Amino acid sequence: MADVRIQIRHAESGAWSSANTTLEDGEMGCETDTGQCKVGDGTSTWAELSYIGYASDFDRNVDGGTY
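Quick notes on the rules
Residues numbered from 1 in each chain as written. Predicted model: local features only at pLDDT ≥ 70, side-chain atom pairs only at ≥ 80, totals over all residues. Heavy atoms only, no water. Disulfide = S-S within 2.5 Å. Buried < 20%, exposed > 50% of the residue type's maximum accessible area, 1.4 Å probe, protein only. Salt bridge = Lys/Arg side-chain N within 4 Å of Asp/Glu carboxyl O. Helix = DSSP H or I, 4+ residues; strand = E, 2+ residues; numbered from the N terminus. pLDDT = per-residue confidence, 0-100. Pairing = 2+ DSSP bridges. Right-handed = clockwise from strand over helix to strand, strands pointing away.

Attention now moves to the state of the cysteines. A covalent bond between the sulfur atoms of two cysteines is referred to as a disulfide. Under the counting rule described, the total for this entry stands at one disulfide. Disulfide pairing places Cys30 opposite Cys37 at an S-S distance of 2.2 Å. The chirality of the disulfide connecting Cys30 with Cys37 is right-handed, given an S-S dihedral of about 100°. Classification of Cys30 as buried rests on a relative accessible area of 2%. For Cys37, a relative accessible area of 0% puts it in the buried group.

Right, dumping it as C-alpha cells:
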C-alpha cells in the first residue's frame, strides 16, 4: 500500500478574509490562529461558508500548532 498524505489548506484568519477564497467542493480550510475550519461547496466564498468546528475537534495538528 502506498503512503498517502493529506494536507489541509491553512492560513491565518486575516489572510482567509482578505483573499475570500472559494474552496472546492469538500476541500477543507483552517485558520491557524483560531483553529476554526470550513469546508467548501465549490461555489461559496470563505465569508459565505459557516465554520464547522475547531481543528482540535478533528485531532489534527494545523501548521505545527495544536489548538
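Once you've had a look at it, read on.
As a further point, take the pattern of salt bridges. This structure, assessed with the given rule, holds one salt bridge. Here Arg9 and Glu27 are joined by a salt bridge, their closest N and O atoms 3.3 Å apart. Note that Arg9 is positioned in strand β1 (residues 9-11) and Glu27 in the loop between α1 (13-19) and β2 (28-31), a separation of 18 residues in sequence. With relative accessibility at 36%, the residue Arg9 sits in the partly exposed group.

Moving on: the confidence of the model for the protein chain. With 78% of its residues at a pLDDT of 70 or more, the protein chain shows a mean pLDDT of 85. Ranking the elements of the protein chain by mean pLDDT puts strand β4 (residues 53-54) last, at 64, and α1 first, at 97.

Successive side chains on a regular strand alternate, one facing one side of the sheet and the next facing the other. Direction of pairing for β1 relative to β2: parallel, over a ladder of three bridges. When the sheet's bridge partners are listed, Arg9 is paired in β2 with Gly29. For the crossover from β1 across α1 to β2, the handedness is right-handed. One ladder, built from three bridges, connects β2 with strand β3 (residues 36-39); its direction is antiparallel. Across the sheet, Met28 pairs through a bridge with Val39, a residue of β3.

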